[in-house]
Amino acid sequence: MPTFQTLPGFREFYPDALAQRNHLFKVWRQTAVTFGFQEYDAPVLEPLDLYRTKSGPEIEQQLFSFTDKGGREVALRPEMTPTVCRLVGEQAATLKRPIKWFSIAEFYRYERMQKGRGRCFFQFNADVFGETGIEAETELIALLIQALCAFGLAEPDFYIRLSDRNLWFYYLEALGLDEPRARAILGAVDKFEKIGDKAFEEYQTQFGALEAVLKERILALLSIKSMASLEALMAPLHNEKVQGRIGEWKRLIGNLTAMGLGGFVEVDLGVVRGLAYYTGFVFEAFDRKGELRALAGGGRYDNLVGKLGYSELPAVGFAIGDMTFALLLEQRGLMPSYVNAPDVYFVLGGEAERMAAFPALQALRASGIRVEYPMRPLAFGKQFKAATESGARFAVIYGQDEVARGTAKLRDLQSREEREIGLGDLVDALRSALRA
Ligand code: HAM
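What comes next concerns the included structure. (Residues numbered from 1 in each chain as written. Predicted model: local features only at pLDDT ≥ 70, side-chain atom pairs only at ≥ 80, totals over all residues. Heavy atoms only, no water.)

## Some points on the overall build of the chain
Selection rule: Helix and strand definitions follow DSSP, with helices as H or I runs of at least four residues and strands as E runs of at least two, each counted in order from the N terminus. The atom set for the radius of gyration is the C-alpha atoms, and the globule formula is 2.2 Å times the number of residues raised to the power 0.38. Think of it in three bands: residues with accessible area under 20% of the maximum for their type are buried, residues over 50% are exposed, and the middle band is partly exposed, with areas taken using a 1.4 Å probe on protein chains only. Any two residues whose heavy atoms approach within 4.5 Å are treated as being in contact. Using a 1.4 Å probe, the Shrake-Rupley method yields the accessible areas, and only the shown protein chains count as cover for residues. Only four residue types enter the tally: Lys and Arg on the positive side, Asp and Glu on the negative side, with His and both chain ends excluded. To locate a charge, take NZ of a lysine, CZ of an arginine, CG of an aspartate or CD of a glutamate.
In terms of regular secondary structure, the chain is built from 16 helices and 16 strands. Here the C-alpha radius of gyration of the chain, 29 Å, is well above what a compact globule of 436 residues would show, namely 22 Å. Across its three principal axes, the chain shows a C-alpha extent of roughly 95 × 55 × 50 Å. Classification of the 436 residues of the chain by burial places 50% in the buried group. Restricting the contact set of the chain to residue pairs at least 6 apart, pairs at least 24 apart contribute 68%. Accessible surface, the chain as shown: approximately 21,500 Å² in total, 52% of it carbon and sulfur. If you average the places of the 53 positive and of the 57 negative side-chain charges in the chain, the two averages end up 3 Å apart.

Encoded structure:
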């Protein structure tokens, strides 16, 4: 009878699954390091207030929160961004610029479970602090693309939808909308893809009917898919702020194109991001087939460090989630399957041979070679079977006769070739055999 199950949406990692997870983390870590990012870590449990109002209503509703024994209101972290802002904010005066940091950590959100979404998941977060210009966006979008390509994914597999909350605000302002109205429109844009026209209902309850002409112009920006059509839509406005922003867009896309990454990026003003703190360019990564939920999301958030009570510090960042990403790798046949195999299996005659084998066993393990041996005395036949089943490349056989001669037999388990080696030479012989 089953006893205790995991809580809904929580995950257990059996060794093969953990090997795959470790593979993701290793490649992300290597990629971040090649881009000059430094790794940090922080607590899993945080004051609830860190997320209240800072992350926005969607995340606030999804918090795993409770009151601890000291009467503090706490929450399991649903994301890293407010935490990393605190870390950087605390030491901003002494940190060397540009501040380029990354982390790989687990997060918790009480979400409705669906394909690629759980209640606990890992994210690879990367953020740049202290840069106001599009150089930070360039660095992060390039890192995001490389963090996916490093697994063998390419342009036909995924793309980045690039959008801009500033351009939306400038555009809506040019159309005569004040800030509260513009914010409500952005809320509708965020939901439009999922629920269509219904997305505007909240705006209409708050501010009354949305004029047909205005709605048409909003939908026009929403459906833009290229730089050329974006420029064409903006040109008739003759608005300085809008034109300045279009200049930034061109520089950002120019940078990414020069890096050979232009083909990954699509202009798509339909993305505005639900999190409350984003202030400028925002972006999300999706699989090209459109079968999976977002792989990654991020953007500029210039006010969050200041909102936490520190000196203002501009910032841009993103996070890739492990769940959708693992699904994509599996779909494309790019998730390696791991054979948990030793390098060498020791086959032991009896107690005296076991004692004769122990020095080499220990020396090999100490030099990083993975060695297995039967913990209990076993018949030779069973040991050979175990050696083959283990997937080891070599067996070392400590038979009575060999040990009496001061030797052991080294057998290649694939070619079945065997040779006798002096016990004193075994460690070196195995090292060079494994290198070959
Ligand atoms: P986010 O869009 O909420 O952004 O999450 C980023 C990614 O984490 C998503 O694209 C998805 O892959 C994964 N993710 C989110 N929720 C879940 C879930 N319930 N189950 C599985 N995976 C999930 C942020 O978290 C921002 N803090 C990113 C950021 C960093 N912005 C600036 N710096």
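## Describing the pairing of strand β15 (residues 407-412)
Convention followed: Strand pairing is assigned whenever DSSP identifies at least 2 bridges connecting the two strands.
Relative to β15, strand β14 (residues 394-398) is paired through four bridges, and the arrangement is antiparallel. Pairing of A395 across the sheet is with R411, part of β15. Bridge analysis of β15 against strand β16 (residues 418-422) gives five bridges, and the strand direction is antiparallel. When the sheet's bridge partners are listed, R411 is paired in β16 with E418. What sits between β15 and β16 in their antiparallel hairpin is a turn of five residues, with R416 showing a positive phi close to 65°.

## Some details on the pairing of strand β11 (residues 315-321)
With seven of its seven residues buried, β11 lies for the most part within the structure. Where strand β10 (residues 296-300) lies against β11, five bridges are found, and the strand directions are antiparallel. Each bridged residue has a counterpart across the sheet, and for R300 the counterpart in β11 is V316.

## As for the sheet that holds strand β3 (residues 65-67)
Strands pair in a sheet through their backbones, by hydrogen bonds, and they do so in one of two ways: parallel or antiparallel. Under the convention used in this document: The convention used is that axes are lines fitted to C-alpha atoms, helices contributing only their stretch in contact, and that angles between N-to-C directions extend from 0 to 180 degrees.
Taking strand neighbours across the sheet as the criterion, the three strands line up as β2-β4-β3 in an open arrangement whose pairing is antiparallel. Pairing within the sheet leaves two strands with one partner each, and these edge strands are β2 (45-47) and β3. Neighbour-to-neighbour, the strand axes of the sheet open up by a mean angle of 35°, direction not taken into account. Across three bridges, β3 lies against strand β4 (residues 73-76) in antiparallel orientation. Along β4, the bridge assignment pairs S65 with A75.

Note that every value here comes from positions in space, so none of it alone points to a role or purpose.
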